[in-house]
Structures are given as C-alpha cells and as structure tokens.
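A closer look at the structure
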Amino acid sequence: MEWIPVCRSCGQRNPGTWSRCPRCGGVQELAPPPAPPSLEGGEGLWRFRAALPPVRDEITLGEGGTPLVRCERLAARAGVAEVLVKNETVNPTLSFKDRAMALGVSLARDAGAPGVVAASTGNTAVSAAAYAARAGLPCRLYCAAGAAGTAKPRTAAAYGAHVEPVDGDFSSAHAAAAALEADGWFPLTTTFRNPYLAEAHRTVALELCEQTGGDVPGWVLVPVGAGPLLVGAHNGFRALAASGRIARPPRMVAVQSDACAPLVAAWRGGARAVTAADPRPTVAGAIADPMRGYEDEGLLTLAAIRESGGLAVSVPDDAVLDAVHDLSRLEGLLVEPAAAAPLAALADLVASGTIPPDARVALLATGHGAKEHGVKEHGAKEHGAKEPDHPTQG
Ligand SMILES: [Zn+2]
C-alpha cells in the first residue's frame, strides 16, 4: 500500500508533499488506507508501524500504549452500561499530540527538512518542541501575542523551541507558520494542513481494539477543535472493521465548546460547509478553534462523523468544569478542561435517548490537568475563562 496525498478538491496526486495541494491549495487526504497490521515487537506507537506511513528513522519518546481505564462510578452516574477512559494524558508531554508529533518529526527528518514549524500555543507546541529536540531539529512555533507568556509556550521554550509571538489571533499565527513552509520547513500544525499527522491517531483505535479484545465500545466521544484525532481514530476503526477484527466502527461523537463550535453549527446545518466561528472566552481553550482560513478542513471531520453514524454536540463551560471535577474526584484522572468535554456531553446524550442505557462508551481524555485545570484546591470551581486565541486542534 502506498501513502500518497491526494487533493480533495482537484484530485491531483501529490507524492512527496506535506501540506495543502501545490496545484490548487486544497486539503489533501492520504489514500488508500491500508489494512490493519499484525503487531510487531517493541512498545507504544511504533508497534503499529505497519499501519502508519513508513519512515526510515523512528523518533520516539515512548508515546502511545496508553491505559484504558474502566470508570464504574462515572458509568453509574451517567446511566450507561460502561464508561472507558482512554487516558492519553500519560503520553511523554501529557497529551495525545505526541502520537502525531512522533510520526511528523520522523517524516520531517526523512524529508531532510531544515526544521519543523507549527502554529500553536498549546499541547501541539509542547509536543512539537519535545520531539524536535529529540530529533535534533530546530523548532519554530508561532502563537498569538496575547498567549505567548502562558504555561504551554513557556514549556515549549524549555525544550529549546523558538516561540514567535504574532500580532493578531490564531489565524494570524497559522498564516505565519504556513509562510515558513516555502523555505522547506516541515509543517506540524495539527489541523489537517499536513495530511500525514491525523493518521498517527489510527493507533488509538488499534489500541482500543486490543484492550477490549476486539469488543470495542459502540460510542467514542472525542474533544474536537478541527478534528484530526476523531478522523484518525475513525480511519483506524474503519480499517479494523474492513479486516473483520471488529464488528463495526463505533459511532464517533465530536464534542466542542458552546463558546466555539463551528463543526457543531455545520453539523446542524446539514454538514455541507463550515463557517468560521466568532468565539467567546472558554475554559476549554484547547478545542476552541475558530477554523478561520481553513474552514474546508472541517469537512473531513464531518465526513468521518457521518460515515460512523455519529454526531457533533457542544457543551457549556459549567458542565465542562463539573466533568473535570468528577474525573478527578471520582476516578483519579486529572485532565485539562477540553479533555473533560466528552464526559460533559455524556449526560445530555443519555437523557435525550441518543445514547441508550445499555451502551458502552469510550471517552478520549486528551490532555493532562497538570498544564491547566479548572479545579480549585478545596473543590470549588474556578471560573477563569480565557480568551480562545490559542487553539490546539483537538
Ligand atoms: Zn488540488
């Protein structure tokens, strides 16, 4: 099987490209998806190398192979048969982004890129900085000037990355990062700009299959900015179903914040086009992606949701903070607010009858609460909503 980017707009095949279509600027996808592999030796992400785009030199910090935690108290409270939390917070830089960055930085080194570049002031920034250091590659990160002094950019700088503040919002940073690609810098912005990065998240599906003995939950709830985690996981489930290793792909539920939900708005409107959001401040900053300037990339996420039989929903900040509290106090899992959005959505989905009481549900816990969380020391909730100027594309 080959891994060749194909433009969704003009259909041109563009081998050896790492970004949008060189002919028309369209979003690219990799085709065809390969069959799932037999497992190889080692541990973590690269055990699944046969399901990933091939690389010559595998960069790793031990990413992947994350625990699947059965949460009986959360299941009882939500009124469903089973709640499983895929705990991505224990990755080397405490978020799921490490899967995509291990693959991306490996590809960058294979390509002989002079360095890697991303627009992010969140989990992507930290992960890109760590993996670039591991690979011996320079890393440039562009972020909105207002976010440059916050915890995640400062952490990225600790890994030696060059953090460049850009006047304006995330879209301005996005454009600045894209401009550096003309000099051969390898794009690691985790929207769908680089078609390879989402495919690293196939491994989430392969691990879930292995950890449940092939009896995967019927529903998978995912915090979503642009949606590459949801799409990559769905591609993995689809390949598993095609090979008969699971009965059918789970229904994928995209969960966004009420304050910034362009994909939910598009889903409600028939999912034919995405309109950039005008976001309000939210505690779930890691999924507050207005998608201005790359609205078309949202169509990939909407297509995966539709194909899986899922849906897109949004949640208010107070429900997100309650979910952070419940995950930490009831189950011992401290996550960042965006990572609690799926649990925040679960109660309404059960109450409305969308998810039945006999359902088994997996929640993807994407980022650790050590970087940010909404829980105060004495159990009261903080309400310090931040400006959503630094999405990290969940
Ligand atoms: Zn094209």
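Coordinates for the structure precede this section.
As a starting point, this report considers the structure included with it. (Residues numbered from 1 in each chain as written. Predicted model: local features only at pLDDT ≥ 70, side-chain atom pairs only at ≥ 80, totals over all residues. Heavy atoms only, no water.)

With that settled, the discussion passes to the side chain of Asp326. Here Asp326 lies in helix 10 (residues 317–331). Side-chain polar atoms of Asp326 contact the side chain of Arg77, separated by 3.0 Å. Setting aside residues no more than four positions away along its own chain, Asp326 makes contact with Leu74, Arg77, Glu331 and Leu343. (Helix = DSSP H or I, 4+ residues; strand = E, 2+ residues; numbered from the N terminus. Polar contact = N/O pair within 3.5 Å; in protein donor to acceptor, adjacent residues only side chain to side chain. Contact = heavy atoms within 4.5 Å.)

Protein-derived ligands of the zinc ion are Cys7 (SG), Cys10 (SG), Cys21 (SG) and Cys24 (SG), with the metal-ligand distances lying across 2.3 to 2.4 Å. Bound by four donor atoms, the zinc ion shows angles of 97 to 117° at the metal and therefore tetrahedral coordination geometry. For the zinc ion, the single-chain donor residues occur in sequence as C-x2-C-x10-C-x2-C. Taken together, the positions of Cys10 in the loop between strand 1 (4–7) and strand 2 (28–31) and Cys21 in the loop between strand 1 and strand 2 put the pair eleven residues apart, joining distant regions of the chain. Judged by its relative accessible area of 4%, Cys21 falls in the buried class. (Donors = N, O, S within 2.8 Å, 3.2 Å for Na, K, Ca; no water. Tetrahedral: all angles 85-135°; square planar, octahedral: opposite > 155°, others 65-115°. Buried < 20%, exposed > 50% of the residue type's maximum accessible area, 1.4 Å probe, protein only.)

This paragraph deals with helix 3 (residues 123–135). Along its 13 residues, helix 3 runs 18 Å from first to last C-alpha, staying within 8% of the 18 Å computed at 1.5 Å per residue. Counting buried residues along helix 3, eleven of its 13 residues qualify, which places the element largely inside the surrounding structure. Residues of helix 3 that are buried: Asn123, Thr124, Ala125, Val126, Ser127, Ala128, Ala129, Ala130, Tyr131, Ala132 and Ala135. Contacts from the buried residues of helix 3 go to helix 2 (97–110), strand 5 (116–119), strand 6 (139–144) and helix 4 (151–158). Just downstream of helix 3 lies Gly136, where phi reads positive at about 75°. (Expected span 1.5 Å × (residues − 1).)

Before going further, it helps to examine the pairing of strand 6. Of all six residues in strand 6, five are buried; the element is thus mostly enclosed. Sheet topology note: the strand 5/strand 6 ladder contains four bridges and is parallel. Opposite Ala118, over in strand 6, you have Leu141 as the bridge partner. Across five bridges, the pairing between strand 6 and strand 7 (residues 162–166) is parallel. (Pairing = 2+ DSSP bridges.)

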